[in-house]
Amino acid sequence: MRGPVERFARLTVSVLGASNAVVALTTSLPGREQRLEVAESQPPGAPEPPPRLVRQLRRVAREECLIAEDTGPAAVAADPEVNHPAFLGVPLQGERGELLGVLAAVDAAPRTWSAQDARDLEDLAGACAAELRLRASEARAHDARLGAERARHEAEEETGRAHVGARELESRLVRSELLLRAAEQLADTSGLDDVRRTVSELVSGDLKPAYVGLVLRERDGVLRRAVDAASTPTPLEREMPLYSVSDDWPSAQAARENLIVSVPDRRTLIQEYDPRTVAVFDAMGLCSAVCVPLPSSRRPTSGALVAAWDEPHAIGVHERAVLTAIAGYTALAVERALHLDERISVARQLQQAMLTDLPRVPGLELAALYRPADDQEMVGGDWYDAYPLPGATADEVRGPLAITIGDVTGHNTRAATLMGQARSMLRQADVERADSPASALASIERANDLLGTGISGTLVHAHLIPRPGGRWLLRWTNAGHPLPLLAHPHHGTEQLSQHSWLLYPGLVPNRERPVHERVLEPGAVLLLYTDGLVEHRGRDSDVLVKEAAGHLTRAVAEHTPLPRLLDVLADSLGGRERADDLALLAVRVDDIPEGA
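In short, a report on the structure. As the structure is a computational prediction, the values presented were derived from the model and not from experiment.

Here we take up the overall build of the protein. Scanning the protein from terminus to terminus reveals 15 helices and 21 strands. Relative to its full complement of 596 residues, the protein shows a buried share of 49%. Contacts in the protein between residues far apart in sequence, at least 24 positions, make up 66% of those at least 6 positions apart. For the protein, the computed accessible surface area is about 28100 Å², with 50% contributed by carbon and sulfur atoms.

Further remarks concern the pattern of salt bridges. One pass over the full model with this rule turns up 21 salt bridges. Here Arg59 ties to Glu63 by a salt bridge, and the two come within 3.2 Å at their closest N and O atoms. One end of the pair, Arg59, and the other, Glu63, are both in helix 2 (residues 51–63), 4 residues apart, so they sit about a helical turn from each other. Of the residues examined, Glu63 reaches a relative accessible area of 39% and is grouped as partly exposed. For Arg371, the salt bridge identified is with Asp567, shortest N-O distance 3.5 Å. Pair noted here: Arg371 is in strand 12 (residues 364–371) and Asp567 is in helix 15 (residues 562–572), with a separation of 196 residues, a long-range link. Asp567 gets classed as partly exposed once you look at its relative accessible area, which sits at 34%. Three or more residues joined by partner-sharing salt bridges are found here, namely Arg52, Arg59, Glu63 and Glu69.

Two elements in contact, helix 14 (residues 541–558) and helix 15, have axes separated by 11 Å at closest approach and are oriented at 160°. With respect to their mutual orientation, helix 14 and helix 15 come out roughly antiparallel. For the crossing formed where helix 14 meets helix 15, the hand is right-handed. In this structure, helix 14 uses Ala548, His551, Leu552 and Ala555 to contact helix 15, whose residues at the interface are Leu565, Val568, Leu569 and Ser572. Within the contact of helix 14 with helix 15, the residues separate by chemical class into 6 nonpolar, 2 polar and no charged.

Inspection of the entire model under this criterion finds 1 aromatic pair. Considering the side-chain rings of Tyr243 and Trp249, the 6.0 Å spacing of their centres and the 45° angle between planes classify their relative orientation as tilted. Of the two residues, Tyr243 and Trp249, both sit in the buried class.

So, about the pairing of strand 20 (residues 525–529). Counting buried positions along strand 20 yields 5 of 5 residues, so the element is predominantly enclosed. Residue alternation in strand 20 divides its side chains into two sets, Val525, Leu527 and Tyr529 and Leu526 and Leu528, and both sets are buried. Both strand 17 (residues 485–487) and strand 20 contribute to a ladder of 3 bridges, which runs antiparallel. Pairing of Ala487 across the sheet is with Val525, part of strand 20.

Here the focus is the pairing of strand 10 (residues 288–295). Judged by how many residues are buried, strand 10 sits mostly within the fold: 7 of 8 residues are covered. With 3 bridges connecting them, strand 9 (residues 261–263) and strand 10 associate as antiparallel partners. Of the residues in strand 10, the one forming a bridge with Val261 is Cys291. Where strand 10 and strand 11 (residues 301–309) come together, 8 bridges link them in antiparallel fashion. Within the sheet, the bridge partner assigned to Pro295 lies in strand 11 and is Thr301.

Before going further, it helps to examine the environment of Glu521. Relative to the assigned elements, Glu521 resides in the loop between strand 19 (516–520) and strand 20. Between the alpha carbons of Glu521 and Asp590 there is a distance of 8.8 Å; along the sequence they are 69 residues apart. The residues touching Glu521, leaving out its near neighbours within four places in the chain, are Arg471, Pro489 and Val589. A distance of 2.9 Å separates polar atoms of two side chains, one belonging to Glu521 and the other to Arg471.

Next up on the list: the environment of Gly454. Of note, Gly454 is situated in the loop between helix 13 (437–451) and strand 15 (457–466). When its relative accessible area of 25% is taken as the criterion, Gly454 is described as partly exposed. Expressed as a C-alpha distance, the spacing of Gly454 and Tyr504, which sit 50 residues apart in the sequence, is 7.7 Å. The contact partners of Gly454, leaving out residues within four places of it in the chain, are Arg414, Leu418, Asn448 and Pro505.

What follows deals with the sheet that holds strand 17. Spatial strand order, 12-21-20-17-18: 5 strands in an open sheet with antiparallel pairing. Lying at the two open borders of the sheet, with one neighbouring strand each, are strand 12 and strand 18 (493–495). Ignoring which end each strand starts from, the neighbouring axes of this sheet average 15° apart. Packing of helix 14 onto the sheet brings it into contact with strand 17, strand 18, strand 20 and strand 21 (582–589), and relative to strand 17 it is tilted by some 30°. The strands that helix 15 touches are strand 12, strand 20 and strand 21; relative to strand 12, the one it contacts most, it runs at about 30°.

Glancing now at the side chain of Thr301. Relative to the elements of secondary structure, Thr301 occurs in strand 11. Of note is the side chain of Thr301, whose polar atom sits 3.3 Å from the side chain of Arg217. A polar contact is formed between the side chain of Thr301 and the backbone oxygen of Ala255, at a distance of 2.7 Å. If near-sequence neighbours (up to four positions away) are discounted, Thr301 is found in contact with Arg217, Ala254, Ala255, Asn258, Pro293, Leu294 and Ser296.

With that settled, consider helix 8 (residues 250–257). Counting buried positions over the 8 residues of helix 8 gives 6, a clear majority of the element. Those residues of helix 8 that sit buried are Pro250, Ser251, Ala252, Gln253, Ala254 and Ala255. Backbone geometry just downstream of helix 8 places Asn258 in the positive-phi region, at approximately 55°.

Rules behind the numbers
- Residues numbered from 1 in each chain as written.
- Predicted model: local features only at pLDDT ≥ 70, side-chain atom pairs only at ≥ 80, totals over all residues.
- Heavy atoms only, no water.
- Helix = DSSP H or I, 4+ residues; strand = E, 2+ residues; numbered from the N terminus.
- Buried < 20%, exposed > 50% of the residue type's maximum accessible area, 1.4 Å probe, protein only.
- Contact = heavy atoms within 4.5 Å.
- Areas by Shrake-Rupley, 256 points an atom, 1.4 Å probe, with all protein chains shown as cover.
- Salt bridge = Lys/Arg side-chain N within 4 Å of Asp/Glu carboxyl O.
- Axes fitted to C-alpha atoms, helices over the stretch in contact; angles between N-to-C directions.
- Parallel < 35°, antiparallel > 145°, perpendicular 65-115°, else oblique.
- Left-handed = near helix turned anticlockwise from the far one by under 90°.
- Nonpolar A, V, L, I, M, F, W, Y, C, P; charged D, E, K, R; others polar.
- Phe/Tyr/Trp six-rings, centres within 6.5 Å; stacked < 30°, edge-to-face > 60°.
- Pairing = 2+ DSSP bridges.
- Polar contact = N/O pair within 3.5 Å; in protein donor to acceptor, adjacent residues only side chain to side chain.

Structure follows, in C-alpha cells:
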C-alpha cells in the first residue's frame, strides 16, 4: 500500500500547503487490539514520527472525527517536543464505516486551519480511502485466482488415480479450466460493460445457455438489468430494464432470498411465477433458467447471475458449484468496476468543470472544443481559457482579452488537479500584471518554484488588444507548446513559430520570456491546439500540421463557422482512436468592424 498512500501524502502537502503529511493505516492481529501503523510521513531513512504526532493520530482514530490543533508560539518555545505546532487530521473510513486509518497534515509553524483546509483534507481522505478499498478488492481477486489455480492442479493430480473414471476426471478438469479463466478474465476487467461482456462469454462458452444475464441491485430495492453494449438488448432487457427486488421473477427471488433459484422447465415457470415472466420467456424462446445470487460485503446480495436455456435443463451439483464460483468472481469484478467508474467519473467532472465558458467579445468570434482520450481511464491536463483583462467590462468584453491553451504533463487525476492550479494562478497573475503575457507566466514560474507545486508542461498565453479599423493586436509567449496557426484573409496560413522553454519545476530563468506580436486583420482566424490534434503514433506530425493549415485556409475563404471548423479538425486529424486528450481554441476577427 506504500505507493498509493505516498501519492496522497504528497497531494495533501501540495493542496494544503503544509510542510508534511502523514498516512497511518490500521493493523490488527488475532487476539490483539487494533493499532495504527504510520505508512508514510518522512523520506526513507528518516527517524520515527515523534510521540506527540503519534498521540494526535491515535486521538483522530479513537474519536473518528476531524481534529484540528494549532499550538501557539509560546508553547512551541517552552516545549521541545512540539516540533509541529499545527495539526489537522481526518479518519479514513471503509465502505461499512470501519476505520482504515488516518490522513493528517502537519505544519512546522503555527497556523490556523481554515474551513476550506478541512474540506480539502476530507475530500483527499475520501479519495485515499477509495484507493485503499480498490487495492483490497484487487487483492481478493488475486487470492481468487490463486485458489482457482490450486483447484486446477488438484484436478490434474486426480487424473492419475485409478478409482476415478476418465469422464469424471475430464469434467473436473474442464470445470477447473473454466474457473481459472473466470478468475483471470474477470480480474482483468476495468468497467461494468467489460464485466457484463466477459461474464456472458464465460458462461456461454462452457454451459451453452441460450441467454446469459446480469442483474445488479441498486438503492431502494431496485434491480437493474446490465445490458451488453456490444449486442442488441433482448426483449427482457428492453421491456423490463428496471424492476423491484420484491417482484415475482426468478432473478428477484435469488437476489432477495440469497439462494440459487432453479427453473428446470416451463411447467415450473407457469406454476411458481408471474404470468409476465412466462410471457417474456416465451417471447425469447426460453424454457428453463438458473439464477445465482451475487455475494456482497455491504448488503445481502448485489444482484444475480442468470443463465437460461431453450430446452428443459435441470442444473446438476457440478454446474451449481461452477456458477456459484463464477458469481463470486463476478461480484468482486462488479464492485471493482463500480469503484473505478465512480472514480473516473469524478475526475472527468473535475476536468470538465475547469473548462471555460467563452466570453462574448464584440469584434471577435470565439469557439472552443475539448475531447477526452478514448481510454476513459486517462484524465489529462489539457485546457483552454479566455477571460477579460483589466479595463474590460464584465458582461460583454469591450477591451483587452487573454486567451490560453495548455497541457500539464501527465494523464491522471493529479495532472487534472495541477491543471486547475495552473489555470487559476495564470488568471490571478494577469489580474495583477496585465502589461505582458510573459510577465503573467513569469509569476506562475516563481510561485511554482517557491510553493513546490510541481507543475510542468507547455502552454501558449496571449493578450488580444483592440486597435482602430477592426484590427486586433496579438501579443503572445509560447512555453514549448505546439505552434499556433494564423490564417490571413488574403494570403494563406502561417505557423507562429516563435517559442521558448517549457514550464518546468525549479526552472526559473533570470531573463523574461520573449513576447511576440502580430496584427490580426478583419477576417483572420487564429487556432490554438494541444498535441492531441497532430501527434499520433504512425503518422507524421508535420503532415498533420499542414492538413490543419489547409482546413484553416478554406475556413477563412468560405466563412465556415468556427464550431464547425473545430469539429472537422477533431474528426479528420484527431483520429477515431485518440490516445491523448484534445483541446482547441479558435478566434476570428469580424470582417465588418462594430459600428462600421
